[in-house]
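The chain contents come next:
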Amino acid sequence: MPAPHFRRSGAPHGEPPKTSGAHPRPAGRARRRGRLGAGLAAAALVLAAGCGGGGADDGKITLTVDTFSTFGYEELFKQYEAQHPNIRIKHRNVVQLDDYLPRLEKWIAAGRGAGDVVAIEEGILTKFMAQPDRFVNLLDHGAGSLQGNFLDWKWRQALTPDGRYLVGLGTDVGGLAMCYRTDLFAKAGLPTDREKVGELWPTWDAYIATGQRFAAKVKDAKFVDGAVNLYNSMLAQQASQTVGHTYFDPSGKLVAAGNPAVKTAWDTTLKIQRSGLSAGLKSFEPSWGTGLKEARFATIACPSWMLGVIKENAGAAAAGKWDVAAIPGGSGSRGGSFLAVPRGSEHPREAAELAKFLTSPQSQIAAFKARNNLPSSPQALDDPAVKSFRNEYFNNAPVGEIYAGGAKALKPLYLGEDTNPVNQRFEDALLAVEQDKLTPDAAWTKALADAEREAR
Amino acid sequence: MTAPARVRRAKADLPAPADRPARRRSAGRLARWDVKFSPYLFVSPYFLLFAAFGAFPMLYTLWVALHDWELVGSRGFVGLANFRMVLTDPQFWNSVWNTAGMFVVATVPQLLLALLLANALNRRMRGQTLLRMGVLAPMVTSVAAVAIVFSQLFSRDFGLVNYVLGWFGVERIDWAAERWSSWLAISVMVDWRWTGYNALIYLAAMQSIPRDLYEAAAIDGASRRRQFWTITLPMLRPTIIFTAIISTIGGFQLFTEPLLFGNGDMAGGSLRQFQTVTMYMFENAFGRFDYGYASAVSWMLFVIILFGSLLNFLWLRRVGGGKA
């Protein structure tokens, strides 16, 4: 699972001197990133991390699983515990990917603190692939025979080039679609049927034209949520359809300036923004969530995992009002994750078994049903239960067919080590244009210069 | 420190039986050691803890700052290269500028307000204790809660502040977009939290000013205002210096409020409009995983705070025109 979930919480983990305002405060709990309880949650996590991995007094083995966002594993954990009476599973979840990554990286670097099974998002996997020995080689635990359970490129992403070391097993992939609000579309006199909506916008230019029709009729809502989510989806789409990488080429060189996929995504996003179609909200921020709830925008570019995010934020009141159509410009892959067993695990054998179980086709089908995380297993993708799956919340859209249909044709994206910080600089520059602080040209120049700084 | 005096007195009271010289000598030695070392023993827990949790991390940070220290990977010694880079890093100086700006925007009105508040609370009135404790209420609120609530108040599309301003025909302000508006919003959070705390410190100091000064002034016909300027304020000078220095230290470490104002964005806005030095340090450590550079930034912050406090001290001393 991918991308940053909304509702970030807590204060930073690093704990710089927690003083602000006028006085050094009495030592506070706290973690970064905001929202309430997370401070405590983080403190608890740190404590938990300190004593994680140990056995229990009743002779059971406790396996700690670290995830972020939503993986839809709750039922699977119960099932596994029932089948393996000697195993107890402790699940630690961090809502925001941005909060999870630094913590994971610290754990892996220190060689302890991480759970027995950890979720690794594809953006960070590249970094870990450079030092596979920090993880248990899953080939040593019989994972080799499972190759057929995964899309070929998903399998190879977590395999060293010499084919001898398997760092992780794939969980999900991120196919793309476009979510839209049927009630707003009806208000604008646009078709609401998902087939017809998809036909409205074979290309991004057609999408803009549709947006202009929408804007002429509807004044209290914008056509699209904001530049950031649009850009990220478009970048994934353009890059996976063309060169197969975004800011970094497979040799690790920063190629943001010369990659036509980056420039196309950037230009198209700004064209949409300049046409006055954007609500100017940054995805996953609180006001973006409020905008979802208040129906302030009519479309969102929608990787499969986004469905859960929309449902969570728009709430029960919007049930049946969102629907899913094809995305302009064709499919692409955005996001996706792996499960790995860190070297520090005290029970590598049991942990590897659990990772194998959680990534099995059957488990991927269960996770898809729970959270719409698109399977990376061809068997799961072909499974009738997935193909025929409809999402009630999204006006009964056949999300199985929409996402799983194209999933096997998805092409992998190569992401360099510093993709996350570089991408943040591009997002910042887009925001600056939305805020009228920079012209598009100046923002592009700045994004490239800042990217150099991040890649240094 | 009255302990040594007491110990000395105890020694003088010791009986000194003349018939047992050996024992007397050992008792005397013990007593001498007691006098010599006990005080150090009594204060040592603080210094031991400080050494472990204050001095050691600080020196270790300096050591890290001299390296190209990545979380995973290289740890080569690079001497002062990190510091050289910090000094010419526009992103660093931007964060210094932001921090200094927010410090001024937040602290000056805050201390003035606290002074006025303390003066008001210093009078006789009903519900005195309740009111005095009331100003402390924001202090006991979690800073994260304060920051989240205020961030929502200052939200562009759905915020209460813009809603109220709308009544007066003011267009929606994107508080996070401009430098001035983000500084203002963050300063409001800071002041909300710390004004009451400073007011209580001033109040305590005011109450230690001898009443007879005011009585004498009143007899001479000085108005309340005059009394405030010529008696209260000069007598408060040491306290004001104290709060100014503490505010400098706190203000330059401003972190949680701006971070949460930007919804956890370590860069502090699209153009780093409100990124403080601690946020920049944090970004380098936990965004770029460049610990060496982050350590250099935190040492620069230490130097800046040292400098700022010193300037504050000298300036207030001069303004006060006497010994602090």
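Each chain carries its own residue numbering, running from 1 in the written order of its sequence. Both sets of labels track the order of writing: A upward for chains, 1 upward for ligands. The model is predicted, so local features are restricted to residues of pLDDT at least 70 and side-chain atom pairs to those at 80 or more, both for listing and for counting; the totals for chains, interfaces and linings are taken over all residues. Only hydrogens and water are set aside when side-chain values are computed; all heavy atoms of the structure are taken into account.

### Section: the overall build of chain B
Counting secondary structure elements, chain B contains 14 helices and two strands. Only protein chains enter the calculation, and the probe is 1.4 Å; a residue is then buried if its accessible area is under 20% of its type maximum, exposed if over 50%, and partly exposed in between. Here chain B, with 324 residues, has 47% of them falling under the buried criterion. Here, two residues are considered to be in contact whenever any of their heavy atoms come within 4.5 Å of each other. When contacts within chain B are restricted to residue pairs at least 6 apart in sequence, those whose partners lie at least 24 apart make up 64%. The Shrake-Rupley method, run with a 1.4 Å probe, gives the accessible areas here. Residue values count only the displayed protein chains as cover. By element, 68% of the accessible surface of chain B is carried by carbon and sulfur atoms, the whole surface being about 17800 Å². Secondary structure counts use DSSP, requiring at least four H or I residues in a row for a helix and at least two E residues in a row for a strand, with both numbered from the N terminus.

### Points about the state of the cysteines
Residue and element names in this part refer to chain A. Two cysteine sulfur atoms form a disulfide, by the criterion used here, when they sit within 2.5 Å. On inspection of all chains with the given rule, the structure shows one disulfide over all chains. Sulfur-sulfur distance for the disulfide between Cys179 and Cys302 comes to 2.0 Å. In this structure, the disulfide formed by Cys179 and Cys302 twists by about -90 degrees around the S-S bond and is classed as left-handed. Taken together, the positions of Cys179 in strand 6 (residues 168-181) and Cys302 in strand 8 (residues 297-303) put the pair 123 residues apart, joining distant regions of the chain. Of the residues examined, Cys179 reaches a relative accessible area of 0% and is grouped as buried.

### Describing the environment of Leu259 of chain B
Residue and element names in this part refer to chain B. Its location among the elements puts Leu259 in helix 12 (residues 256-261). Overall, the relative accessible area of 0% leaves Leu259 in the buried class. Counting along the chain gives 111 residues from Leu259 to Ile148, while the straight-line C-alpha distance between them is 10 Å.

### Topic: the side chain of Asn149 of chain A
Assignment of secondary structure puts Asn149 of chain A in the loop between helix 4 (122-129) and helix 5 (152-157). Residues within four places of Asn149 of chain A in sequence aside, it is in contact with Pro361, Ser376, Ser377, Pro378 and Gln379 of chain A.

### A short note on the packing of helix 9 (residues 227-241) of chain A against helix 10 (residues 260-274) of chain A
Residues and elements named next belong to chain A. Working convention: axes come from line fits to C-alpha atoms, limited for helices to the stretch in contact. Angles between N-to-C directions cover 0 to 180 degrees. Viewed as axis vectors pointing N to C, helix 9 and helix 10 meet at an angle of 145 degrees, and their least axial separation amounts to 8 Å. Classified by chirality, the crossing of helix 10 by helix 9 is right-handed. Residues Ala227, Leu230, Tyr231, Met234, Leu235, Gln238 and Ala239 of helix 9 form the contact with helix 10, whose own contacting residues are Ala261, Val262, Thr264, Ala265, Trp266, Thr268, Thr269 and Ile272. For this classification, Asp, Glu, Lys and Arg are treated as charged, while Ala, Val, Leu, Ile, Met, Phe, Trp, Tyr, Cys and Pro are nonpolar and the rest, including Gly, are polar. Tallied by class, the residues present in the contact of helix 9 with helix 10 amount to eleven nonpolar, four polar and no charged. Throughout, a crossing is termed right-handed when the near helix is turned clockwise from the far one, and left-handed when it is turned anticlockwise from it by less than a right angle.

### Quick word on the pairing of strand 8 of chain A
All names here are of chain A. Extensive coverage of strand 8 is indicated by the burial of seven of its seven residues. In this scheme, strands are said to pair when DSSP sees at least two bridges between them. As judged from the five bridges shared by strand 6 and strand 8, these two strands associate in the antiparallel manner. When the sheet's bridge partners are listed, Leu176 is paired in strand 8 with Pro303. Bridge analysis of strand 7 (residues 222-224) against strand 8 gives two bridges, and the strand direction is parallel. If you follow Lys222 over to strand 8, its bridge partner there is Phe297.

### Digging into the packing of aromatic side chains
Paired rings are identified among Phe, Tyr and Trp, the last through its six-membered ring, by centres lying within 6.5 Å, and are further divided according to the angle between planes into stacked (under 30 degrees), edge-to-face (over 60) and tilted (the rest). Considering all chains together, one arrives at 44 aromatic pairs over all chains under this definition. Aromatic side chains Phe150 of chain A and Trp155 of chain A sit 5.9 Å apart centroid to centroid with 35 degrees between the ring planes, which places their arrangement in the tilted category. We note that Phe150 of chain A, like Trp155 of chain A, is buried. With a centroid separation of 6.3 Å and an interplanar angle of 65 degrees, the aromatic rings of Trp175 of chain B and Trp180 of chain B are classed as edge-to-face. By relative accessible area, which is 6% here, Trp175 of chain B ends up buried. It is Lys154 of chain A that lies over the ring of Phe338 of chain A; its NZ or CZ is 4.2 Å from the centre. A cation over an aromatic ring shows up here: Lys263 of chain A above the ring of Trp444 of chain A, its NZ or CZ 4.4 Å from the ring centre. Placement of a charge over a ring requires the Lys NZ or Arg CZ to be within 6 Å of the ring centre, with the centre-to-atom vector within 35 degrees of the ring normal.

### Here's the deal with the pairing of strand 5 (residues 117-121) of chain A
Residues and elements named next belong to chain A. Burial of strand 5 is extensive: five of the five residues sit out of reach of the surface. A two-sided burial pattern is seen for strand 5, the buried positions comprising Val117, Ala119 and Glu121 on one face and Val118 and Ile120 on the other. Here strand 3 (residues 61-68) runs beside strand 5; their pairing, made up of two bridges, is parallel. Across the sheet, Val65 pairs through a bridge with Val117, a residue of strand 5. Where strand 5 meets strand 10 (residues 333-340), four bridges bridge the pair, whose relative direction is antiparallel. When the bridges of strand 10 are listed, Val118 appears paired with Ala340.

### Description of the side chain of Ser363 of chain A
Residue and element names in this part refer to chain A. For Ser363, the position within the fold is in helix 14 (residues 361-371). A 3.5 Å cut-off defines polar contacts: any pair of N or O atoms within that distance qualifies, except that in protein one atom must be a possible hydrogen donor and the other a possible acceptor, and neighbouring residues in sequence count only when both atoms are side-chain atoms. Reaching out from Ser363, the side chain makes a polar contact with the backbone oxygen of Phe357 at a distance of 2.6 Å. Excluding residues within four positions of it along the chain, Ser363 makes contact with Leu76, Phe357 and Leu358.

### Quick look at the domain arrangement of chain A
Residue and element names in this part refer to chain A. In terms of domains, chain A is made up of domain 1 (61-173 + 336-388) and domain 2 (175-333 + 398-455). Counting from both sides, the interface comprises 21 residues of domain 1 and, opposite them, 24 residues of domain 2. What gets called buried area is simply the loss in accessible area from a 1.4 Å probe that two parts show on being joined, summed for both. Contact between domain 1 and domain 2 buries roughly 1900 Å² in total, counting both sides, with carbon and sulfur atoms accounting for 57%. Salt bridges are defined as contacts in which a side-chain nitrogen from Lys or Arg sits within 4 Å of a carboxyl oxygen from Asp or Glu. Across the domain 1-domain 2 interface, the total number found is zero salt bridges. An automatic or database domain assignment provides the domain bounds reported here.

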